[in-house]
Amino acid sequence: MRARAPCYRSAATETGMRNLTIDAERLWDTLMETAAIGGTPKGGICRLTLTELDRQVRDWFKARAEALGCTVTVDDMGAMFARRPGQRDIPPIAMGSHLDTQPTGGKFDGCLGVLGALEALRTLVEAGYETYAPIEVVNWTNEEGSRFAPAMISSGVFAGAFARDWAAAQKDRAGVSFGEALEAIGYRGAQRCGDHPLTAFFELHIEQGPILEAEGKEIGVVTGVQGMRWYEVTITGQEAHTGATPMRLRRNALVGAARLIERIDAIAHAHAPHAVGTVGLVEVKPNSRNVVPGEVFLAVDLRHPEAAVLDAMEAALTRAIGEVCAPLGLESSSAKIWDNPPVVFDPDCVAAVRRAAEQSGFSHRDMVSGAGHDAAYLARVVPATMIFAPCRGGISHNEAEFTSKEQCAAGAQVLLQAVLDYDRRLAERQGAS
Ligand code: HGY
Ligand code: MN
Ligand code: MN
């Protein structure tokens, strides 16, 4: 006798599923409440990873998730997983992002992804909707890469892109290691990062660029992430007295750095329209008004959707370093510290997002992400994709970053519906009636 197919007991039909609606006010309240943890006078957030402020927002997240009946686990890279059981004890469908910010970050970068996911889960709990797979909300550690380079370290270890010991040994500019900082805030969990099977991963995030707003679209259906590479360059000259040293005898490292920054800008323009190149971090030594700078440290960020173009930009960077330093009598050393190739997201996940946007009645367009995200690493090990919400003026990594209550709610609604769509199709694929 054929075993009866397991009954997929969800109380919801497709209609019931589509009627589940997140609470826009409640989502906005959680965004504003957590924005106060590290809030800045200009209305942004300064909540660097693995600081006391990060600990506070992690505690906030854990308490809210447990209050919803979730079990919260933490891995040895500090990634937090809040799980709500499903009908089947199979790897969860996860949704999440990050709660760490840039030094002059905005209220929405990362936060919308974690809090939007928490709101989606809260909606399921309130409706008593039982999903087929467990659902998890994830907070990844050090997504920003501002305190510890490179970016997305914990999701990178999770995906096998970085060795755990290497990641834990990464030091901030004050010489504190990732592992020490993680220990100090009490969030080094027992679980080995990566030993946590998932069925799929969905990340809601603000676009951080101008496209959705310019086209009047409410949702970005993110099909992939461009490639990105980080380099560290040290230029060495000779410290000297600014008053007594003739110009012809100087070896001014900062003049070399200035010329290199100009060349990096030109490299990006030479590979228009998609290439971007930036030096965002410069350290001058000894950084004294009346000393000719003897050494300059620069962090270089190059990005493009195609790996071959990134190769060409990288070659141009190497040439530029030599061509700038030689005539100035400067020495240089450089290293590539991060290389995240272009990513293509899972078509089934992307289709779930597109259906969710359509059935929720939101205008949408396909797009590739210019910014890096944890989903870019998750995509190496599980089906993954992203949902974008617009941000005003395309501004992000800036305290003026703003996404409206309605835009946040639209993103969270599509996140909820995409996850439920994926969950229902999973049940059907696995024969649950
Ligand atoms: O660098 C990035 O794109 C991201 O903000 N970590
Ligand atoms: Mn982010
Ligand atoms: Mn960011």
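Scroll up to find the structure this text is about.
Predicted model, so just to flag it, every value in this text is computed and none were measured.

**Some words on the overall build of the protein chain**
- A count of helical and extended segments in the protein chain gives 13 helices and 15 strands.
- Taken against the 2.2 N^0.38 rule, which gives 22 Å for 433 residues, the C-alpha radius of gyration of the protein chain at 23 Å falls within 12% of a compact globule.
- Overall, the protein chain is about 90 × 45 × 45 Å in size when its C-alpha atoms are taken along their principal axes.
- When each of the 433 residues of the protein chain is scored for burial, the buried share is 56%.
- Considering only contacts in the protein chain between residues 6 or more positions apart, those separated by 24 or more positions represent 80%.
- As presented, the protein chain carries roughly 17,300 Å² of accessible surface, and 53% of it is formed by carbon and sulfur atoms.
- When the 43 basic and 54 acidic side-chain charges of the protein chain are each reduced to a single mean position, those positions are 1 Å apart.

**Some words on the nonpolar core**
- Within the largest apolar cluster, 111 residues are counted, with the highest numbers of intra-cluster contacts made by Leu31, Phe61, Met95, Phe201, Phe202 and Phe345.
- Per element, the largest residue contribution to this core is 13 residues, and it comes from helix H13 (residues 405-429).
- For Phe201, the residues in contact, after removing those within four places along its chain, are Ala94, Met95, Gly96, Val138, Trp140, Ala375, Leu378, Val382, Pro383, Ala384 and Thr385.
- Among the nonpolar cores identified, the runner-up in size contains 25 residues, and Ile235, Ala275, Val284 and Leu328 belong to it.

**Overview of the coordination of the manganese ion (ligand 3)**
- For the manganese ion (ligand 3), the protein coordination sphere consists of Asp109 (OD), Glu144 (OE), Glu144 (OE) and His397 (NE2), at 2.1 to 2.4 Å.
- When the donors of the manganese ion (ligand 3) are listed by position in the chain, the intervening gaps give D-x34-E-x252-H.
- Distance-wise, the manganese ion (ligand 2) is placed 3.4 Å from the manganese ion (ligand 3), both being coordinated by Asp109. Highlighted residues: Glu144 in the loop between strand E4 (135-140) and helix H5 (153-158) and His397 in the loop between strand E15 (384-389) and H13, separated in sequence by 253 residues.
- For His397, a relative accessible area of 39% puts it in the partly exposed group.

**Quick word on the pattern of salt bridges**
- Taken as a whole and judged by the stated rule, the model has 27 salt bridges.
- In this structure, Arg26 engages Glu126 in a salt bridge whose closest nitrogen and oxygen atoms are separated by 2.6 Å. In this pair, Arg26 sits in helix H2 (residues 24-35) while Glu126 sits in helix H4 (residues 111-127), placing the two residues 100 residues apart along the sequence.
- Arg26 gets classed as buried once you look at its relative accessible area, which sits at 18%.
- Of the charged contacts in the structure, one is a salt bridge between Glu183 and Arg188, with a shortest N-O distance of 2.5 Å.
- In this structure Arg188 comes out as partly exposed when scored by relative accessible area, which is 37%.
- What you see here is one network of salt bridges that share partners, running through Arg229, Asp311, Glu314, Lys336 and Asp339.

About the criteria used
Residues numbered from 1 in each chain as written. Chains lettered and ligands numbered in written order. Predicted model: local features only at pLDDT ≥ 70, side-chain atom pairs only at ≥ 80, totals over all residues. Heavy atoms only, no water. Helix = DSSP H or I, 4+ residues; strand = E, 2+ residues; numbered from the N terminus. Rg over C-alpha atoms; globule rule 2.2 N^0.38 Å. Buried < 20%, exposed > 50% of the residue type's maximum accessible area, 1.4 Å probe, protein only. Contact = heavy atoms within 4.5 Å. Areas by Shrake-Rupley, 256 points an atom, 1.4 Å probe, with all protein chains shown as cover. Lys, Arg positive; Asp, Glu negative; His and termini not counted. Charge placed at Lys NZ, Arg CZ, Asp CG, Glu CD. Core = buried A, V, L, I, M, F, W, Y, C linked by side-chain atoms within 4.5 Å. Donors = N, O, S within 2.8 Å, 3.2 Å for Na, K, Ca; no water. Salt bridge = Lys/Arg side-chain N within 4 Å of Asp/Glu carboxyl O.

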